[in-house]
Amino acid sequence: MEPAGPLSDLAGRFIVLTGANTGIGRATALALAARGASLALAGRSAARTQPVLDAIRAVGGDARFFLLDLADLAAVRRCAEQLRAHGRPIDVLINNAGIASQRGLTTDGFELAFGTNHLGHFLLTVLLADRLRAAAPSRIVNLTSTSHYEVARIDYDAVRAPTRTFTGLHEYAISKLANVLFTRELARRLGPSGVHSYAVHPGVVASDIWRRVPWPVRATMKRFMISNEEGAATALYCATSQAVADHDGRYYDRCREGTPNPVVEDAALAGLLWTRSVRFAGADL
Ligand SMILES: NC(=O)c1ccc[n+]([C@@H]2O[C@H](COP(=O)([O-])OP(=O)(O)OC[C@H]3O[C@@H](n4cnc5c(N)ncnc54)[C@H](OP(=O)(O)O)[C@@H]3O)[C@@H](O)[C@H]2O)c1
């Protein structure tokens, strides 16, 4: 991938995006398609993604749907296989999909937020790594959150059990810390081959992520949040801007580099998350 400026044409670039049927992912997909990128939109529902495909195609854009359930590792493998069969080197992988305030277990028995937000994306990324290397210089953008500041370590017994807290917000924070640690370790492992990684906090965004909050409260909260389009800005910046082309493994907020939770500086934590994730997901680079 040639370095791209913020307003450059993305024609000829192939970008894989998870969770693009709604929220920040939808806004990100529409913006990338408007700049000419070819998109693979990976999500749980073809029907829910169809309106986004229609909107992209209505303006002459190119996008295809790929079935992906991040909470089911076999489904992640099938999606990666389909994407690999598609044949194109991947210029950018945007690991955007996520859940918050939901409780339970994934199909494979992992805590729902950890399994969906981290482990599913871990496996997808590892299985697509050679397609990203083939497009180098290429990029991986991982959506995280400021909630990652709220926790300092990952309990590897807790991530193999159902969500413990009533709100699920502690588990969400753990999954978002994992997103930042994963970004660090990806930089160490893939950076030398020209695949650069970025962790992005999108802002507090009036997306569907608040769907479990009761309606009157949700409506009031959303009035103080930024739009999905504004929320897409930092992921778009990290996916395409020449200003960050040489960066790798860093954290961004409001289209600026930020300082993540200091625990992220501990390379051993990122290394441990990687080795546990390899064991859990059964795949390595
Ligand atoms: N909104 C915020 O204020 C905020 C703040 C910080 C970070 N973030 C992060 O930003 C990212 C995007 O969130 P959003 O606010 O746009 O949320 P959203 O509107 O709820 O969209 C989430 C997307 O993830 C998909 N998804 C959920 N579970 C999935 C699974 N098992 N497999 C595949 N796809 C799945 C959803 O698909 P379905 O329609 O099938 O559920 C949807 O497309 C997330 O990583 C989130 O943690 C958001």
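Everything in this summary refers to the structure shown in the same document. For every chain, the first residue of the written sequence is number 1, and numbering continues from 1 along that sequence. With pLDDT at 70 or above as the cut-off, local features in this predicted model cover only qualifying residues; side-chain atom pairs require 80 or more to be listed or tallied, and sums for whole chains, interfaces and linings still use all residues. By convention in this description, side-chain values take in all heavy atoms of the structure and omit both hydrogens and water.

### Observations regarding the sheet that holds strand 5 (residues 138–143)
We treat two strands as partners when DSSP finds at least two bridges between them. Segments assigned H or I by DSSP are reported as helices when at least four residues long, segments assigned E as strands when at least two residues long, and all are numbered from the N terminus. With respect to topology, eight strands assemble into an open sheet ordered 3-2-1-4-5-6-7-8, the strand pairing being mixed. The outermost strands of the open sheet, each flanked by one partner alone, are strand 3 (62–67) and strand 8 (256–258). With strand direction ignored, the average angle separating the axes of adjacent strands in the sheet is 25°. Taken together, the four bridges between strand 4 (residues 92–95) and strand 5 define a ladder with parallel strand orientation. Along strand 5, the bridge assignment pairs Val-92 with Arg-139. Lines are fitted to the C-alpha atoms to define the axes, a helix being fitted only along its stretch in contact, and any angle between axes, read from their N-to-C directions, falls within 0 to 180 degrees.

### A look at the pattern of salt bridges
When a carboxyl oxygen of Asp or Glu is within 4 Å of a side-chain nitrogen of Lys or Arg, the pair counts as a salt bridge. Per the counting criterion, the structure on display carries six salt bridges. Notably, a salt bridge pairs Arg-84 with Asp-130, separated by 2.5 Å at the nearest N-O pair. Here Arg-84, found in helix 3 (residues 73–86), pairs with Asp-130, found in helix 4 (residues 112–134); they are 46 residues apart in sequence, far enough to count as distant. To sort residues, take the accessible area from a 1.4 Å probe on protein chains only and compare it with the maximum for the residue type: under 20% means buried, over 50% means exposed, and anything in between is partly exposed. Residue Asp-130 is classed as partly exposed on the basis of its relative accessible area, which comes to 31%. Put simply, Arg-250 and Glu-257 hold a salt bridge, and the shortest N to O gap is 3.0 Å. Because the salt bridges share partners, they merge into one network encompassing Glu-185, Arg-188 and Arg-189.

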